[in-house]
Amino acid sequence: MRALIHSTFGAPEEVLHIEDRPIPEPGEGQVRLRVVLSPIHNHDLWTVRGTYGFTPELPAPSGTEALGVVDALGAGVENLAVGQRVATGGTFGAWAEYIVTSAAGLIPVPDTVPDETAAQLVSMPFSTITLLDFLEVKEGDWIVQNAANGAVGRMLAQLGSARGVNVLGLVRRTAGIEELRAQGIDNIVATDQSDWKEQVATLTGGAPVVAGVDSVGGAAAGQVLSLLAEGGTLVAFGAMDSPVMEIASSDLIFTQATVKGFWGSKVIPQLDPATRSALFGELFQRLSDGSLTLPVGGIFDAAEIREAVHASNTPGRVGKVLLRF
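Read on for an overview of the structure. (Residues numbered from 1 in each chain as written. Predicted model: local features only at pLDDT ≥ 70, side-chain atom pairs only at ≥ 80, totals over all residues. Heavy atoms only, no water.)

**Section: the overall build of the protein**
Per the secondary structure count, the protein includes 12 helices and 15 strands. Since a compact globule built from 325 residues should have a radius of gyration of about 20 Å, the 20 Å found for the protein is in line with a globular shape. For the C-alpha atoms alone, the extent of the protein along its principal axes is close to 60 × 40 × 35 Å. Within the span of the protein, comprising 325 residues, buried residues form 49% of the whole. Entry remark: accessible area of the protein is about 14100 Å², with carbon and sulfur atoms responsible for 51%. If you average the places of the 21 positive and of the 36 negative side-chain charges in the protein, the two averages end up 1 Å apart. (Helix = DSSP H or I, 4+ residues; strand = E, 2+ residues; numbered from the N terminus. Rg over C-alpha atoms; globule rule 2.2 N^0.38 Å. Buried < 20%, exposed > 50% of the residue type's maximum accessible area, 1.4 Å probe, protein only. Areas by Shrake-Rupley, 256 points an atom, 1.4 Å probe, with all protein chains shown as cover. Lys, Arg positive; Asp, Glu negative; His and termini not counted. Charge placed at Lys NZ, Arg CZ, Asp CG, Glu CD.)

See the structure below:
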């Protein structure tokens, strides 16, 4: 089978290559999936670079999320059937024609959900809706996030709106305001405008901003913190620009703010089954009623990984880039 492998850590477009690997066999409690589509996530690329929280042994496979069709069942698997479409969001090595994974972690995909949507259902959408729960905000509250024009930013705005939570989005380019407005997302402010904080005050009407999400790092983290009300919470979700958060001590001290991190790989496994089921049910409902959309930024064959990575890294890209196997 074909699989995307890297023998060294480095720029993904340079070090990833196709290798022929044996087709794996499922063990007890496992299934083998024939991979249909797999998205490129930032954390996948960071892992290939060797800069993520998980460092694989080399030579290493790649990718973590996929839509697949059940191809073979291991001993003791009774709740799935060969030919069934399922999604997985935590199977390392997903960038391959076939993968073996635990049956317990698979999500059956309804027939009404297209392949392109199902392929990106778990990692980012489920992490985003779990993040929204993690913030412990209620209807009518205001929250702020940077990287509002990223995949997670767009989904957090949509999911928050569906729950009645006001989501204020920060982007670095004025052009990003219109890009998001074209997708039906408002309450966006560009930090390249000198009066951006005044614009925030106008949008919120002076209402307290109770929580903030930083996906960028660097000075952008301090921008989010500076908008929080007394007792607010700043959550570090990503570090697209810098692994260091530049935040002012005065903003922490005088507002008694709390700073904490969110890593889906830690938070999601701690969810109780009822909460996990309810959140996935909400995701399917939001997709069904159109309040959550998962656009596609391009589909590439696995052999076109260089072009796919370039497309994924393109500024202003709307939608996930998918790999086809």
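Next comes the rest of the account.
**A word on the sheet that holds strand β10 (residues 188-190)**
An order of β10-β9-β8-β11-β12-β13 is seen for the 6 strands of this open sheet, with the pairing classed as parallel. A strand with exactly one partner marks an edge of an open sheet, and here the two such strands are β10 and β13 (258-261). Averaged over neighbouring strand pairs, the angle between their axes works out to 20° when direction is ignored. Of the strand pairs in this sheet, strand β8 (residues 142-145) and strand β11 (residues 209-214) are connected by 4 bridges, and their pairing is parallel. Across the sheet, residue Ile143 finds its bridge partner in β11, namely Ala211. Contacts from helix α5 (residues 151-162) reach β8, β9 (166-171) and β11, with the element oriented near 170° to β8. (Pairing = 2+ DSSP bridges. Axes fitted to C-alpha atoms, helices over the stretch in contact; angles between N-to-C directions. Contact = heavy atoms within 4.5 Å.)

**What about the nonpolar core?**
Looking at soluble globular proteins, one finds that nonpolar side chains tend to be buried together. Leu135, Ile143 and Leu283 are the most contacted members of the largest nonpolar core, which has 47 residues in total. Here this core takes 6 residues from helix α4 (residues 122-134), the largest share from any one element. Residue contacts for Ile143: discarding those within four places in its chain leaves Leu132, Leu135, Val137, Leu156, Val165, Asn166, Val167, Leu168, Val209, Val210 and Ala211. Among the nonpolar cores identified, the runner-up in size contains 31 residues, and Leu4, Val15, Val77 and Ala96 belong to it. (Core = buried A, V, L, I, M, F, W, Y, C linked by side-chain atoms within 4.5 Å.)

**Points about the packing of α4 against helix α11 (residues 273-289)**
Viewed as axis vectors pointing N to C, α4 and α11 meet at an angle of 115°, and their least axial separation amounts to 10 Å. The angle between α4 and α11 falls in the class roughly perpendicular. For α4 against α11, the interelement crossing comes out right-handed. For the pair α4 and α11, the contacting residues are Val122, Pro125, Phe126, Ile129, Thr130 and Asp133 in the first and Thr275, Arg276, Leu279, Phe280, Glu282 and Leu283 in the second. (Parallel < 35°, antiparallel > 145°, perpendicular 65-115°, else oblique. Left-handed = near helix turned anticlockwise from the far one by under 90°.)

**A look at the environment of Val77**
When you line up the elements, Val77 lands in the loop between β4 (66-73) and β5 (85-88). Relative accessible area serves as the criterion here: at 11%, Val77 is assigned to the buried category. Sequence spacing of Val77 and Ala104 is 27 residues, and the spatial spacing of their C-alpha atoms is 8.9 Å. Discounting residues that sit within four places of it in the chain, Val77 has contacts with Gly29, Gln30, Val31 and Ala103.

**Concerning helix α2 (residues 42-49)**
Buried within α2 are the following residues: His43, Asp44, Leu45, Thr47 and Val48. Phi for Gly50, located one or two positions after α2, is positive at around 85°.

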